[in-house]
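Read off the chains here:
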Amino acid sequence: MPDAGAPTSASKGSNKPAAPAKEHASESQDAKAARKAEKAARRAQKVTEQGKATAKPSPEAIALARAQKRQQQQQQQQGNGSQIKHVRTGSSSVPSGATTGANASSLSDGNFGISGSGEDLLDKRVSLFKHLDSTKRSGTADASKDIHPAILALTLQIASYTVIGSSARCMATLQAFQAVIRDYRTPAGTTLSRNLTNHLSKQIDFLKTARPLSVTMGNAIRWLKQEISIVSIDVSDQHARDTLIEKIDTFIRDKIEVADRVIVQTAVPQISDGDVALTFARSLVIEQIFLEAHACGIQFSVVVVDSRPFYEGKELVRRLSNAGLKCEYVLISGLSYVMSDATTVFLGAHAVMSNGQLYSRVGTALVAMSAKRKNVPVIVCCESLKFSKEVQLDSVTFNELGSPDDLVNISSGSTPISGPLKDWRTLPNLKLLNILFDLTPPEYIKKIVTEVGSLPASSVPVILREYDRI
Amino acid sequence: MIMAGLAQSTAALSADATAADSSFDIVSTYRQFLKGDPAMTMPVAAIEALVVLLSKSGPSTASELIDILAKAVQELKSGIKNSISLSAGCDMFQRFVLRNIQEYGDWEACKQHLVKNGGLFLQRAKESRFKIAELGLPFLRDDDTILIHSHSRAVTELLLLAARRHIRFSVFVTESRPTGEGLVTAKILRQNGIPVRVIADGAVGYVIQKVDKIFIGAEGVAESGGIINRIGTYQIAVLAKDANKPVYVVAESHKFVRLFPLSPFDLPDENPDATSFSTEQDQDDEYDEVLLNSPLLDFTSDNLITALITDIGVLTSNGVSEELIKMWYD
């Protein structure tokens, strides 16, 4: 579930943006390795004077590669009428050895995933989802000098799913912005209220290279920019910085931490003795609800439904059973069996759209539909920060693609094991789709519990209107 | 002088209340209001009792007032068995007081304003039933066959107005066990020349094909737009849904309550005996015993309701939550 913390981290601390220094260090080592590999690739291409497609293609490079591919296809069709469209040998101008070499190197150091050459990505995209950015997972090498180290670190953490879950990502982003603001000095000839927004925009653009911004991040950024724009030009820089940093702290406390506590207080009475609460993947607020209900002495059990490739529920089920709760863990394929026993379904959210559609970890819609069919009430718990002003009717128009290699990996541990689909990039007619979110229609949702009260899914726009945040 | 003004403005309200004494009993005052006027609904009586309390007790600070109110509300809620619509009235009045306290800097002026407007508030609450009748009138047509359940003052008011406006319709009234309140409704309607047939609760499915529309009252309207009402409402709504008959809820907006039940078991008034089982023979022999153990309220979810006819307009169930949000979050 979107709220989920770091799946690999044992301590709660590492969910938080200011990751432990050790982890940070290893991240930047990885980053260095990546930079080295990239440089080597560039050098090799310079020597052959054919630096047109690099291991991590820039947009121009992709465009070029696309053009070349088209040319090549035409040639092939004219020439031998080959029926195979996606030939992987690369265009004549790029030595195939260099491409595969770069691929292999990024595979072997495997820090932030595997990005093939531009062509491969283009070829292997599922046509219905071609408009979505597939994960680029850029390194820190191409970061401009303006990018703050805290942002660099966060970008890596988000790209590697170390920081995962929309609330956690939002908090991490805001805390990174605090570091940015702390180190920010207004250049001569401009004012903080004008220039800081620009400076932040650069940081945000870089953050976006890891994953698209979450709705919470978008809302928080909009709020922060608004706050910056109203900073008076008369106050000293130091004072303005301190105020902004403090405001961010308040925002995190009010919109996430206190909100979560209120949601927990509201949701716990929904659980009574003998209940079987079912949840999907992992949401921090749901976890707190279960722990609190258990602490209140309510006798109930929890079914955690989980799915590939993140296995977020494993961490949840570990924490719950450590706390002494009766738990059951099942993959989503066994959903229909466990749903018969469930009395209530609790779901977290990545975002809730204006039309009441719940945008959450892929699989949520399936769980909600199955619950509806069995007449089990579905309760969504999320902060009102997750309410989006946008309307979405399907999960195709806007979504996020994960790396297809995550699907190929059949290991559930940290070391990737490529299964039978190891060579999927060379297999013709095969495309992999690793979609991260889906959309649950409001009919499946009985109520949404937020810090401003319980509402039906249809009341999301009312909250947005009444609490116009910006 | 101010106290004199206060006494004057509330003289009418406290006329039928107990004689002023130092130990003010909110529960008995509430009961007296309810007994004194058969047309009085529970939330209105609660508000009325609170206004009297406000005028009698002399809180000197805003926080003292809030404290006194909160205590009285708690006392009322715990003192009265069926407290759903009552709590709607209490919550609304508390909210009203809180909002007004914030608006006024001057405490004395605020207090005066509260007592005066408390009266106004009551006035409006009482009048709302007539307003509803006017708003609901277009839903009734000549030759309609209507099904109503139990006894609801708002529904009765609407039907009586329709009869006065020369709309000719006939009414099925459920007997509505265990209270048998349907018989009360039947009597009132017949007295006013409306043709009525009383049916057993189990016969709703039998007559539903002949029915054009269904009007039901509400004890409380939940945040989802679902309603809490006399037992048997839910099954009528389900039958209506199956037969594609419109179900209109007729309720005053002061019955909107900040509850979000998913099932009748989420209601504060749940009857724990209602779902316990027994093998003892003699339990069912006593017919009255069975009825005593029967629950009195059920919950009808919003998807079974076509529209809500209220004094603030005809709303869909989504509209209820919107109104509640507007009322509560500002």
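Preceding block: the structure.
Every value quoted in this text rests on a predicted model; they were computed, and no experiment measured them.

## Some points on the interface of chain A and chain B
How large an interface is tends to be reported as the accessible area lost when its parts come together. Facing the 17 residues of chain A at the interface are 12 residues of chain B. Taking both partners together, chain A and chain B bury about 1,200 Å²; carbon and sulfur atoms supply 60% of that area. We note a salt bridge from Arg465 of chain A to Glu322 of chain B, for which the minimum N-O separation is 3.2 Å. Taken together, the elements giving at least two residues each to the side of chain A that touches chain B come down to strand S10 (453-455) and helix H15 (460-466) of chain A. Considering only residue class, the side of chain A that touches chain B consists of 8 nonpolar, 5 polar and 4 charged.

## Quick word on the sheet that holds S10 of chain A
All names here are of chain A. On the basis of which strands lie adjacent, the open sheet formed by 7 strands has the order S3-S2-S1-S4-S7-S9-S10 and mixed pairing. The open sheet has two free edges, formed respectively by strand S3 (326-331) and S10, since each of these has just one partner strand. Going from strand to strand, the sheet's axes swing by 25° on average, the running direction of each strand aside. Pairing geometry for strand S2 (residues 301-306) and S3, over 6 bridges, is parallel. When the sheet's bridge partners are listed, Val304 is paired in S3 with Tyr329. Helix H13 (residues 364-373) contacts strand S1 (276-280), strand S4 (344-347) and strand S7 (378-381) of the sheet and is inclined by roughly 160° relative to S4.

## A look at the packing of helix H9 (residues 237-267) of chain A against helix H10 (residues 284-295) of chain A
All names here are of chain A. The interhelical angle for the contact between H9 and H10, taken along N-to-C directions, is 50°, at an axis separation of 9 Å. By the angle between their axes, H9 is oblique relative to H10. The handedness of the crossing between H9 and H10 is right-handed. Contact residues: H9 offers Asp260, Ile263, Val264, Gln265 and Ala267, while H10 offers Val285, Gln288, Ile289 and Glu292. Tallied by class, the residues present in the contact of H9 with H10 amount to 5 nonpolar, 2 polar and 2 charged.

Reading the values: rules and limits
- Numbers given to residues run from 1 along each chain, matching the order in which its sequence is written.
- Chain letters start at A and ligand numbers start at 1, both assigned in the order the entries are written.
- Whole-chain, interface and lining totals are the exception, using all residues; otherwise, since this is a predicted model, local features are given only for residues with pLDDT of at least 70 and side-chain atom pairs are given and counted only at 80 or more.
- Working from all heavy atoms in the structure, the side-chain values ignore hydrogens and water.
- A contact between two residues is defined here by any heavy atoms of the two lying within 4.5 Å.
- Joining two parts hides part of their accessible area as seen by a 1.4 Å probe, and the buried area is that hidden amount summed over both.
- For this document, the term salt bridge refers to a Lys or Arg side-chain nitrogen within 4 Å of an Asp or Glu carboxyl oxygen.
- Here a strand is any run of E in DSSP of at least two residues, a helix any run of H or I of at least four, and the numbering for each starts at the N terminus.
- Gly is placed with the polar residues, together with every amino acid not listed as nonpolar (Ala, Val, Leu, Ile, Met, Phe, Trp, Tyr, Cys and Pro) or charged (Asp, Glu, Lys and Arg).
- Strand pairing is assigned whenever DSSP detects at least two bridges linking the two strands.
- In this analysis, axes come from line fits to C-alpha atoms, helices being fitted only over the stretch in contact, and the angle between any two N-to-C directions falls in the range 0 to 180 degrees.
- Working rule for angles: under 35 degrees goes down as roughly parallel, over 145 as roughly antiparallel, 65 to 115 as roughly perpendicular, anything else as oblique.
- Crossings are sorted by hand: turned counterclockwise from the far helix by less than a right angle, the near helix makes the crossing left-handed, and turned clockwise it makes it right-handed.

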